Amino acid sequence: MTVHPFPLTWLYVPGDRPEVVAKALVSGSDVVLVDLEDAVAPDRKEYARAATAELLSEPQPVPVHVRVNALDSPHAEADLKTLSPLPGLSGLRLPKVTSPAEVVRVAEDAPSSGGGAIPLYALLETALGVEQAFTIASAHPALRGIALGEADLRADLGVRGDAGLDWSRARVVVAARAAGLAPPAQSIHPDIRDLEGLAASCAHGRALGFLGRTAIHPRQLPVIERAYLPTPEEIETAESILKAATTTPGAQALPNGTFIDAAVVAGAHRTMALARRQG
């Protein structure tokens, strides 16, 4: 299985379309997200679960996560019971999480095939979920990440303009980092034809502290990756910072006047780790 330490692309595919899932597995996405919830019609839920169980009965070439149905729905229990023990499952996405208790319950009731807790990722899609972001993010060691579900959140808040979600975005980024989790991935860009808009939105998300993005079409993947990989200028700066830190430990100023300390050096290390994906 190919696992990137810094996944940048997460591709959603409908669980009732095995042929689409098969294409996603060779699309180049860092993680494939099989969706049993929003992308599957009510009368196709059982088929989607069975098809996904067949796929996950053996390990896959890339990590496969499954977004189960809403935890208060009649389908969620069957999703978790059927899929959690399977060897091809790398993580579970829990939709519409509003409390830490929901995370704890799933973590304790859904052991992986290895006997431990399967990695969980909570989607915050309501005002209450965002308000509880830190308590959810720190609810259980099995929780590996949180993210926004912006379509549902937009409806819940009655937000029209995109800027109206920036406070919630920043809140989720801060909550994830405060809980010791990786920076969250951005929510989807719904227009698969608007690649320029996607690139601009990714640049904005990167400025807010996100790392990577979920996608709904393979054509979005290279745009997301380019947006989140460091530029040549950023790599050059990181290299100069690390060289200076190695030569003269401690806080100092570079010849160009840039002040560096331990936090700046840590950022340079992350930049170089991301840069190595391009090698």
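Our structure's up above, just so we're on the same page.
Throughout what follows, the structure given in this document is the object of discussion. Note that the structure is predicted; figures quoted are calculated from it, not measured. (Residues numbered from 1 in each chain as written. Predicted model: local features only at pLDDT ≥ 70, side-chain atom pairs only at ≥ 80, totals over all residues. Heavy atoms only, no water.)

Counting secondary structure elements, the protein chain contains 12 helices and nine strands. Its C-alpha atoms give the protein chain a radius of gyration of 20 Å, near enough to 19 Å, the size a compact globule of 279 residues would have. When the backbone C-alpha atoms are referred to their principal axes, the protein chain occupies close to 65 × 40 × 40 Å. For the protein chain, with 279 residues in total, the buried portion stands at 48%. (Helix = DSSP H or I, 4+ residues; strand = E, 2+ residues; numbered from the N terminus. Rg over C-alpha atoms; globule rule 2.2 N^0.38 Å. Buried < 20%, exposed > 50% of the residue type's maximum accessible area, 1.4 Å probe, protein only.)

Quick look at the side chain of serine 84 now. Looking at the element boundaries, serine 84 is found in the loop between α3 (76–83) and β4 (91–94). On the accessibility criterion, serine 84 (2% relative accessible area) is buried. For serine 84, the side chain forms a polar contact with the main-chain oxygen of leucine 80, separated by 2.7 Å. (Polar contact = N/O pair within 3.5 Å; in protein donor to acceptor, adjacent residues only side chain to side chain.)

Turning our eyes to something else, we now look at the nonpolar core. In globular proteins that are soluble, nonpolar side chains generally tend to be buried together. The biggest cluster of nonpolar side chains holds 62 residues, and the ones touching the most others in it are Val66, Leu92, Leu120, Leu124 and Ile146. With five residues, helix α10 (residues 221–228) is the largest single contributor of residues to this core. Among residues more than four places away in sequence, those in contact with leucine 124 are Val97, Gly129, Val130, Ala133, Ile136, Ile146, Ala147, Leu148, Gly149 and Val172. Judged by nonpolar contacts, the second largest core, of 11 residues, contains Ala238, Ala244, Met272 and Ala275. (Core = buried A, V, L, I, M, F, W, Y, C linked by side-chain atoms within 4.5 Å. Contact = heavy atoms within 4.5 Å.)

On to the layout of surface pockets, then. Estimates place the volume of the largest pocket at around 570 Å³. What lines the largest pocket is a set of 32 residues, among which Glu150, Ala151, Ser187, Ile188 and His189 lie closest to the centre. Those elements giving two or more residues to the lining of the largest pocket turn out to be β1 (9–14), β6 (143–148), α7 (150–157), α9 (195–208) and β7 (213–215). Grouping the amino acids of the lining of the largest pocket by side-chain chemistry returns 13 nonpolar, eight polar and 11 charged. (1 Å grid on protein atoms, 1.4 Å probe; cavity = no way out; pocket = protein on both sides within 12 Å on 5 of 7 lines; lining within 4 Å. Points joined across faces, edges and corners; volume = space filled by probe spheres on them. Nonpolar A, V, L, I, M, F, W, Y, C, P; charged D, E, K, R; others polar.)

In short, the description is geometric, and any link to function would need to be established separately.
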